[in-house]
Every structure is written in C-alpha cells, then in structure tokens.
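Listed below, chain by chain, are the residues.
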Amino acid sequence: SGWLGLHFARWPREWQQVGWCAGREEGGPLREVGTHFFFAIHEVFGHGCVRRVCATVGYPPAEGDGMRPAEATVSGTLELQDGMRIALEVTTDGSVSGDEDVYELGVTGDDGAVVCDRFTALRSL
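Fair warning: this is a prediction, and the values are worked out from it, not measured in the lab. Per chain, residue numbering runs from 1 following the sequence as it is written. Only residues with pLDDT of at least 70 are given local features in this predicted model, and only at 80 or more are side-chain atom pairs given and counted; all residues enter the totals for whole chains, interfaces and linings. Think of the side-chain values as coming from all heavy atoms in the structure, minus any hydrogens and water.

Engineer: Outline the overall build of the protein chain, listing residues and values.
Structural biologist: Within the protein chain one finds two helices and seven strands. Starting at the N terminus, helices and strands are each numbered in turn, a helix being any DSSP run of H or I of at least four residues and a strand any DSSP run of E of at least two. Mapped from its N terminus to its C terminus, the protein chain presents α and β elements in the order β-α-α-β-β-β-β-β-β. Here the C-alpha radius of gyration of the protein chain, 15 Å, is about what a compact globule of 125 residues would show, namely 14 Å. If you line up the protein chain on its principal axes, its C-alpha atoms span 50 × 30 × 20 Å. Exposure is judged per residue with a 1.4 Å probe applied to protein chains only, and the accessible area is read against the type maximum: over 50% gives exposed, under 20% gives buried, and values in between give partly exposed. Evaluated residue by residue, the protein chain yields a buried proportion of 37% over its 125 residues. The contacts in the protein chain between residues at least 6 apart in sequence include a share of 55% that link residues at least 24 apart. In this description the radius of gyration comes from C-alpha coordinates, and the expected globular size is given by 2.2 Å times residues to the power 0.38. Note on contacts: a residue pair qualifies if any of its non-hydrogen atoms lie within 4.5 Å across the two residues.

Engineer: Can you explain the packing of aromatic side chains? Please cite residues and give values.
Structural biologist: The criterion for an aromatic pair is that two Phe, Tyr or Trp rings (for Trp, the six-membered ring) have centres within 6.5 Å, with stacked assigned to planes under 30 degrees apart, edge-to-face to planes over 60 apart and tilted to the rest. Counted under the stated rule, the structure contains five aromatic pairs. With 5.0 Å between their ring centres and 70° between their planes, F8 and W11 make a pair best called edge-to-face. Each member of the pair, F8 together with W11, is buried. On the numbers, 6.5 Å between centres and 70° between planes, the contact of F37 with Y103 is edge-to-face. Of this pair, F37 sits in helix α2 (residues 29-45) while Y103 sits in strand β5 (residues 102-109), and the two are 66 residues apart along the sequence.

Engineer: Give me the pattern of salt bridges: which residues, what numbers.
Structural biologist: Criterion for a salt bridge: a side-chain nitrogen of Lys or Arg within 4 Å of a carboxyl oxygen of Asp or Glu. Applying the stated criterion across every chain yields a total of six salt bridges. As a salt-bridge pair, E79 and R85 come within 3.5 Å of each other at their nearest N and O atoms. Look at E79 and you get buried, because its relative accessible area is 8%. Two residues, R123 and E104, come together in a salt bridge whose shortest N-O distance is 3.3 Å. With R123 in strand β7 (residues 121-124) and E104 in strand β5, the pair connects residues that are 19 residues apart, well separated along the chain. Judged by its relative accessible area of 34%, R123 falls in the partly exposed class.

Engineer: Give a detailed account of the confidence of the model for the protein chain, specifying residues and quantitative values.
Structural biologist: The quantity known as pLDDT measures the predictor's confidence residue by residue, on a range of 0 to 100. When the pLDDT values of the protein chain are averaged, the result is 92; 100% of them are 70 or greater. Across the protein chain, strand β3 (residues 73-80) holds the top mean pLDDT of 98, while helix α1 (residues 19-22) sits lowest at 84.

Engineer: A description of the environment of V18 should follow, citing residues and the corresponding values.
Structural biologist: Along the chain, V18 turns up in the loop between β1 (2-7) and α1. Residues V18 and L80 lie 62 residues apart in sequence; the distance between their C-alpha atoms is 35 Å.

Engineer: Tell me about the nonpolar core, and please be specific about residues and values.
Structural biologist: The biggest cluster of nonpolar side chains holds 19 residues, and the ones touching the most others in it are L4, L6, V33, F37, I41 and I86. For this core, the elements supplying multiple residues, two or more each, are β1, α2, β3, β4 (85-91) and β5. It is α2 that contributes the most residues to this core, four residues altogether. When neighbours within four sequence positions are excluded, I41 is seen to be in contact with G46, C49, V50, L78, L80, I86 and L105. Residues belong to a common nonpolar core when they are buried Ala, Val, Leu, Ile, Met, Phe, Trp, Tyr or Cys residues joined through side-chain atoms within 4.5 Å.

Below you can see the structure in the form of structure tokens.
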C-alpha cells in the first residue's frame with residue numbers, strides 16, 4: 001500500500017501569487033505538485049500502472065471576477081494494475097501541515113516503508 005499526501009499551508013503558495021496558479025484551468029496543487037509524484041509512480045511501477053483513480057475533489061466557490069479556483073481538498077485512491085492502492089490526500093488550508101508545506105509519496109511493503117519527501121529526500125520508516 002502507499003500514500004500520496006500534498007498538504008499546504010495555503011494555495012497558491014506565497015511565492016506563487018499569480019492568477020493562473022490559483023485557477024482551476026492551469027494551476028492547483030495536483031497540477032503543480034502532484035504531477036511530479038505521479039511521474040515518480042510511473043517511473044517506479046511502470047508506465048500505465050494506474051488502473052483507476054477514484055477521488056472526491058472540493059473546490060471553493062467562484063470568485064467575483066468569474067475565476068474558478070483550483071481544488072482546495074482531494075481525498076481518494078489510486079489503484080494500480082497489480083492491485084496496490086495509494087491513498088491520495090490534498091489539503092490547502094494548513095489543517096494538516098500548519099504553517100509548513102508537506103508533500104510526500106510513501107510505499108509500505110513486507111520489509112518496511114520508504115518515503116520520498118519534498119522531491120529531494122528518500123527515507124525509510
């Protein structure tokens with residue numbers, strides 16, 4: 001089994017204060033950060049490894065200028081071809097991570113677990 005957690009203190013992040021990053025069409029945590037981890041899943045488990053994605057996505061209401069904001073929450077599962085399931089959780093309000101951004105991909109097996117943390121660190125649990 002595994003997990004992919006993308007938890008942000010806010011979205012867009014402080015250094016991403018551009019309109020497109022906040023919008024559903026071109027931005028959002030899944031598109032901006034999640035895609036890097038989806039690429040890693042394909043590199044580790046093989047291209048085409050994801051059989052099914054089932055998720056509930058929460059969006060804030062449209063803003064006064066008509067801009068449709070990006071996803072604020074996601075809760076779901078990636079099911080791989082071999083039956084492995086990867087839980088997917090996204091938050092953008094600091095409820096999980098406080099003032100820090102936390103994004104990690106973890107995989108648990110018979111001999112333990114490994115976590116890819118912030119794209120730069122691989123650690124065992």
